[in-house]
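# Descriptive analysis of the structure
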Amino acid sequence: MVNRAQISLKIRQGFILVFVLIVALPALFFSISRAYHATLVEATHKTLEAHLYSLISEVDFVTMEMPNSILAPELNRLNSDTYALIYQQNTLVWHSESAMDLTVTPDISQSKAGAKEFERVEYNQELYWQLGMTVILGNASHSQQANFILLKKNSALVAQMAQFRNTLVNWMLVMGIMIAVLMALGFIWSARPLQRLDKEIKAVEAGEIDKISGLYPVELNTIKADLNLLLDSQRRQKERYRASLSDLAHALKTPLAVLKSSPLAENADAQEQLDRINAMIEHQLKRAASGASDTWKKQTQVQPVVSAILNAMSKVYHDKQINFSTACPEDAAFLGDKTDLMEILGNLIDNACKACQSHVDINVKYNQSKGVRFIISDDGPGIPEQNRSTLLQRGTRLDTYESGHGVGMAIVSDLVSSYHGSIDIDYSQLGGAQFTIEFSYEQNQ
């Protein structure tokens, strides 16, 4: 399961784009449609109201005669969707030419004089927008009520809404495409500084540059400064290590040289202890000088190292006529110091050469995002399972195990541990021992 913190920026940007296209734009479409529909209803109300006042102005209040026609053209067309009706005492006394074929009977029983009522009604299973008003016609001596009814088919609004929505959908599609393109361009533009920073970090890893010096947006300047501070701190720390180690090596070499040349060294046991002390000093100096604290800014190509070691081993063990088989990708890289890699592989391959009968196999498996794995196998006697756990323990005598194994393994174990790697010992398909050294890079990403 992928941790939410590990979701890539592209996927995050994709989620935002999907949200905009699937949620935000449809919500905007719905809101605009509702607003436009409300505008159409309000416009219908205003139009019917204008027709109502125009119709009232055409009525002869003295003779109580109704107009033959009115000025509004949509009330004079037979195929119009707008109609005008006048009722007196629940009797239709006049209708517009557009209402000649209209067969509806509005309910005017609840109408109040002087009140305008605008509502959506249904007649004969068809919806209309109706504006009604009851007025008093005539004079003080002779007056009567008249109900003015104006109707507009709802289907006219529906047709307008459909046309508007089609236009709106087209524009929304255009907007969606433009938003997607702009977000993609914006992501590329925003990611450029990160790509430049990543390129500079890889250059630092490869040892091509010592510090990050590119120009970056304000948000990345803090990261740039922190990385440069880290590089400077490591550089100063490494220089202090080198100085201290140089002083320590110089201080220890002279007493050891004196002891080894003294009469005490003639004793075999004393000579053995002096050799062990010398080996332990070399071991601790090597461990302290390990490049593990510098792994992220060093990158060592594996193939040249393996080739150099095998070339040396073929000369050292020329008499054994060892058959070396190797499988190493050309792009395989070790995130660490070249000297440390030489020490690790050199010890393992040297041990395999000492233990083997005639065959040593070196297999390197590499994945840029996951890590690198070294598998060294031989056809020697192998290492018993009960001895494998103690082989890597500190203080184990170098001659405890079968010939060819155990020499230098404490150094190898400490170096591998300092790089957060792992060691696995097993029997190989060749019949001898198999050492698997694995360095995982996933935890550093």
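Throughout, a residue's number is its position along its own chain's written sequence, starting from 1. Local features in a predicted model are, by the rule used here, given only for residues with pLDDT of at least 70; side-chain atom pairs are given and counted only at 80 or more, and totals for whole chains, interfaces and linings are based on all residues. Only hydrogens and water are set aside when side-chain values are computed; all heavy atoms of the structure are taken into account.

### Considering the overall build of the chain
- The way it works is that DSSP assigns letters per residue, a run of H or I at least four long becomes a helix, a run of E at least two long becomes a strand, and they are numbered from the N terminus. Broken down by element type, the chain carries eight helices and 12 strands.
- Think of it in three bands: with a 1.4 Å probe and only protein chains considered, a residue is buried below 20% of the maximum accessible area for its type, exposed above 50%, and partly exposed in between. Out of the 445 residues in the chain, the part that is buried amounts to 37%.
- Only the protein chains shown count as covering a residue, and every accessible area follows the Shrake-Rupley method with a 1.4 Å probe. Of the roughly 26600 Å² of accessible surface on the chain, a fraction of 55% belongs to carbon and sulfur atoms.

### Regarding the UniProt feature "transmembrane region" (unreviewed entry) in the chain
- In the numbering used here, UniProt assigns the "transmembrane region" (unreviewed entry) feature to residues 168–189.
- Helix makes up 100% of residues 168–189 and strand makes up 0%, while its end C-alpha atoms are separated by 30 Å. UniProt positions are given in the numbering used here, feature names are shortened, and annotations may be inferred rather than shown by experiment.

### So, the confidence of the model for the chain
- One confidence number per residue, pLDDT, is output by the predictor and ranges from 0 to 100. Confidence in the prediction of the chain, expressed as mean pLDDT, is 81, and 82% of residues score 70 or more.
- Note on contacts: a residue pair is in contact if any heavy atoms of the two residues lie within 4.5 Å. Segment residues 397–407 is flagged for pLDDT under 50; beyond a separation of four residues in sequence, or across chains, it makes 29 contacts in the model.

### Here's the deal with the sheet that holds strand β10 (residues 371–378)
- In short, DSSP must find at least two bridges between two strands for them to pair. The strand order β7-β9-β10-β12-β11 describes an open sheet built from five strands, whose pairing is mixed. The open sheet has two free edges, formed respectively by β7 (323–327) and β11 (422–427), since each of these has just one partner strand. When strand polarity is set aside, the average angle formed by the axes of neighbouring strands in this sheet is 10°.
- With eight bridges connecting them, strand β9 (residues 359–367) and β10 associate as antiparallel partners. Lines fitted to C-alpha atoms define the axes, with helix axes restricted to the stretch in contact, and inter-axis angles between N-to-C directions lie between 0 and 180 degrees.

### Comments concerning unusual backbone geometry
- Despite not being glycine, Gln125 shows a phi value in the positive range, around 60°.
- On the secondary structure map, Gln125 appears in the loop between β3 (116–123) and β4 (126–138).
- What makes Gln125 exposed here is its relative accessible area of 77%.
- A positive phi angle, close to 50°, is found at Gln321, a residue other than glycine.

### Details of the nonpolar core
- Take the buried residues of types Ala, Val, Leu, Ile, Met, Phe, Trp, Tyr and Cys, join any two whose side-chain atoms come within 4.5 Å, and each joined set is a nonpolar core. Core analysis: the biggest nonpolar cluster contains 40 residues, and Val302, Leu345, Ile349, Phe374 and Phe439 have the highest contact counts within it.
- Among the elements of the structure, α5 (302–316), α6 (338–355), β9, β10, α8 (409–418) and β12 (433–440) are those that each provide at least two residues to this core.
- What Ile349 contacts, discounting residues up to four positions off in sequence, is Ile309, Leu310, Met313, Ile362 and Ile376.
- Of all hydrophobic cores here, the second largest spans 16 residues; its members include Leu52, Leu75, Ala84 and Met133.

### Observations concerning α6
- Between its first and last C-alpha, α6 extends 25 Å over 18 residues, near the 26 Å set by a 1.5 Å rise per residue.
- Counting buried residues in α6 gives 14 out of 18 residues, a clear majority hidden from the surface. The span one expects for a helix is its residue count, reduced by one, times 1.5 Å.

### A word on the packing of α5 against α6
- Contact geometry of α5 with α6 gives a least axis separation of 10 Å together with a crossing angle of 40°. Of the possible angle classes, the one that applies to α5 and α6 is oblique. The way α5 lies across α6 gives a crossing that is right-handed. Of the residues in α6, those touching α5 at Val302, Val305, Val306, Ile309, Leu310 and Met313 are Lys338, Leu341, Met342, Leu345, Gly346, Ile349, Asp350 and Cys353. The scheme is simple: roughly parallel for angles under 35 degrees, roughly antiparallel for over 145, roughly perpendicular for 65 to 115, oblique for anything else. When the near helix sits turned anticlockwise from the far one by under a right angle, the crossing is termed left-handed; a clockwise turn instead gives a right-handed crossing.

### Focus: the packing of α6 against α8
- At their nearest, the axes of α6 and α8 sit 9 Å apart, and the two run at 140° to each other. Accordingly, the angle class assigned to the pair α6 and α8 is oblique. Along this stretch, α6 crosses α8, giving a crossing that reads as left-handed. Across the interface between the two elements, Asp340, Glu343, Ile344, Asn347, Leu348 and Asn351 from α6 touch Met409, Ile411, Val412, Leu415 and Val416 from α8.

### Brief notes about the packing of aromatic side chains
- Stacked, tilted and edge-to-face pairs are distinguished by plane angle, under 30 degrees for stacked and over 60 for edge-to-face with tilted covering the rest, among Phe, Tyr and Trp rings (Trp via its six-membered ring) whose centres lie within 6.5 Å. With the rule as written, the count across this model stands at eight aromatic pairs.
- Plain terms: the ring middles of Phe334 and Phe439 are 5.1 Å apart, the flat faces sit at 65° to each other, and that makes the pair edge-to-face. Of the two residues, Phe334 is situated in strand β8 (residues 333–334) and Phe439 in strand β12; the sequence distance between them amounts to 105 residues. The exposure classification of Phe334 matches that of Phe439, with both residues buried.

### What about the side chain of Lys224?
- In this structure, Lys224 sits in helix α3 (residues 218–261).
- Positive charges are assigned to Lys and Arg, negative charges to Asp and Glu, while His and the chain termini are left out of the count. For this analysis, a salt bridge means a side-chain nitrogen from Lys or Arg found within 4 Å of a carboxyl oxygen belonging to Asp or Glu. One buried charge, Lys224, has no salt-bridge partner; the nearest side chain with opposite charge is Glu200, at 6.5 Å.
- Here a polar contact means two N or O atoms within 3.5 Å. Within protein one must be a hydrogen donor candidate and the other an acceptor candidate, and residues neighboring in sequence count only if both atoms are side-chain atoms. In this structure the side chain of Lys224 is engaged in a polar contact, spanning 2.7 Å, whose partner is the backbone oxygen of Gly214.
- With near-sequence residues (within four places) excluded, Lys224 lies in contact with Ile212, Ser213, Gly214 and Tyr216.

### Structural notes on the side chain of His51
- Note on placement: His51 falls in helix α1 (residues 9–58).
- With sequence-adjacent residues up to four places away left out, His51 is seen in contact with Ala72, Glu74, Leu75, Thr82 and Leu150.

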